[in-house]
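# Structural characterization, general
Listed below are the residues making up each chain.
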Amino acid sequence: MANSNEISANVERDWNRWRKEFLAYLKLERGLAGNSVASYLQDFDHLARYMKERNTAPEEATTDELRELLKELNETGIAATSQRRMIAGWRMFYKMLVVEDVLKANPAELLDLPVRPQHLPDVLSDEDITKIQSTFDLSLPDQYRNNVIVEVLYGCGLRVSELVNLKMSNIYEDEQMLQVFGKGDKERWVPINPRALDLLMTYIHRVRVHLPVKPGEEKYVFLNRRGAHLSRVFVFMFLKQAVEDAGLKKKISPHSLRHSFATELVENGADLRAVQEMLGHASLSTTEIYTHLSRETLRNTISAYHPHYAKR
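What you see is a predicted model, and the numbers here were worked out from it, not measured in a lab. Each chain carries its own residue numbering, running from 1 in the direction its sequence is written. The model is predicted, so local features are restricted to residues of pLDDT at least 70 and side-chain atom pairs to those at 80 or more, both for listing and for counting; the totals for chains, interfaces and linings are taken over all residues. Each side-chain value is derived from all of the structure's non-hydrogen atoms; neither hydrogens nor water enter the calculation.

## A closer look at the overall build of the protein
Keep this limit in mind: Strands here are runs of E lasting at least two residues and helices are runs of H or I lasting at least four, both read from the DSSP assignment and numbered beginning at the N terminus. Method for areas: the Shrake-Rupley scheme with a 1.4 Å probe, in which residue coverage is limited to the protein chains shown.
A count of helical and extended segments in the protein gives 13 helices and 3 strands. Total accessible area on the protein is roughly 17800 Å²; 51% of this is exposed by carbon and sulfur atoms.

## A few points about the packing of aromatic side chains
Put simply, the rule is: Classification of ring pairs uses Phe, Tyr and Trp, with its six-membered ring standing for Trp, and accepts pairs whose centres are within 6.5 Å; under 30 degrees between planes counts as stacked, over 60 as edge-to-face, and the remaining range as tilted.
Counted by the stated rule, this structure contains 10 aromatic pairs. Ring centres of Tyr172 and Trp189 lie 4.9 Å apart, and the angle between their planes is 70°; on these two criteria the pair is classed as edge-to-face. You can see Tyr172 sitting in strand β1 (residues 171-172) and its partner Trp189 sitting in strand β3 (residues 187-191), a full 17 residues away along the chain. Here a set of aromatic residues connected by ring pairs shows up, and it is made of Trp15, Phe22, Phe44, Phe93 and Tyr94.

## Comments concerning the nonpolar core
How we decide: In this text, buried Ala, Val, Leu, Ile, Met, Phe, Trp, Tyr and Cys residues form a nonpolar core when linked through side-chain atoms within 4.5 Å. Three exposure classes are used, based on accessible area relative to the maximum for each residue type with a 1.4 Å probe and protein chains only: buried under 20%, partly exposed in between, and exposed over 50%. Two residues qualify as a contact provided that any one of their heavy atoms is within 4.5 Å of a heavy atom in the partner residue.
Counting residues in each nonpolar core, the largest one holds 43 residues, and the members touching the most others are Ile132, Leu158, Leu178, Leu200, Tyr203 and Phe222. Ignoring any residue separated from it by four or fewer positions in sequence, one finds Leu158 in contact with Val152, Leu153, Leu163, Leu178, Val180, Arg188, Val190 and Arg258. Of all hydrophobic cores here, the second largest spans 31 residues; its members include Val37, Tyr50, Met96 and Leu97.

## A short note on the pattern of salt bridges
Where charged atoms from two side chains of opposite charge come close, those side chains can pair. Cut-off, in case you're wondering: The rule for a salt bridge is simple: a side-chain nitrogen of Lys or Arg has to be within 4 Å of a carboxyl oxygen of Asp or Glu.
Overall, the coordinates contain 13 salt bridges when judged by the stated rule. The shortest N-O distance in the salt bridge between Arg85 and Asp43 comes to 2.6 Å. Here Asp43 lies in helix α2 (residues 34-53) and Arg85 lies in helix α4 (residues 80-99), a separation of 42 residues in the sequence. Of the residues examined, Asp43 reaches a relative accessible area of 1% and is grouped as buried. Across the pair Asp64 and Arg67 runs a salt bridge, and its minimum N-O distance is 3.2 Å. Taken together, the positions of Asp64 and Arg67, both in helix α3 (residues 63-75) and 3 residues apart, correspond to about one turn of that helix. The network of salt bridges with common partners includes Glu53, Arg54 and Glu72.

Below, the structure written as structure tokens:
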């Protein structure tokens, strides 16, 4: 019988081998984008570290062991949303082992998902957007660009990653549409309103045209002073500063503009499936958070204006 040191070496080797297999599976079999692949590998690494400490090989892990790992994560204060994402990553890994006939059943399938917190995101009103945009000096090229970015994020509901990767060829001016590639490089078409389109084309023809564009960056719409496409962090930072300059006391990120886009549509009676399509949500249940948000608005309206609402 092998000694414990030999078993540990075998376990280490097995986890390292399956990590490479999992990476190939995510890229080639599932066709996932870089950010998604990185997230799944991070979830795998959490799992591998825990199991290696217990000298458990990948194919030997049990549902009970996975529950113990979740318990430890919960005790360290990791948020329920992060735990849910980790479980999704583990399920994906063990699904691969089932497909490869290494396992008969997926031990992660029986895990209970932690309850998703029901907090609602901060939402910007149309007046808030106006205040934010009023902080930009439109005579300055960088700030004109920032003003356009806010307009496009709010007017089209794009993810910030979709915005910074938007290419010149993705703009269909005559059709007033943007071609967007979301999670997993999934294509969708998003209408762009005339105001946002006019600002966007003015930026391209009067501001961007004067920038020294770096080789290989010509295809991107939004560029920095050095002629390279913007990072997500940059958009977060300038928006944070604009919110502060506007005197708004809300915790706002670029994603808040996407939330605000969806909330405006749902509250004004848009079809939920149409909103799902524009946001690029894989599941209608993800879009339904805006229904809850809309119901909360209705409740607040009644409580503020109906005389019997406060009676007990």
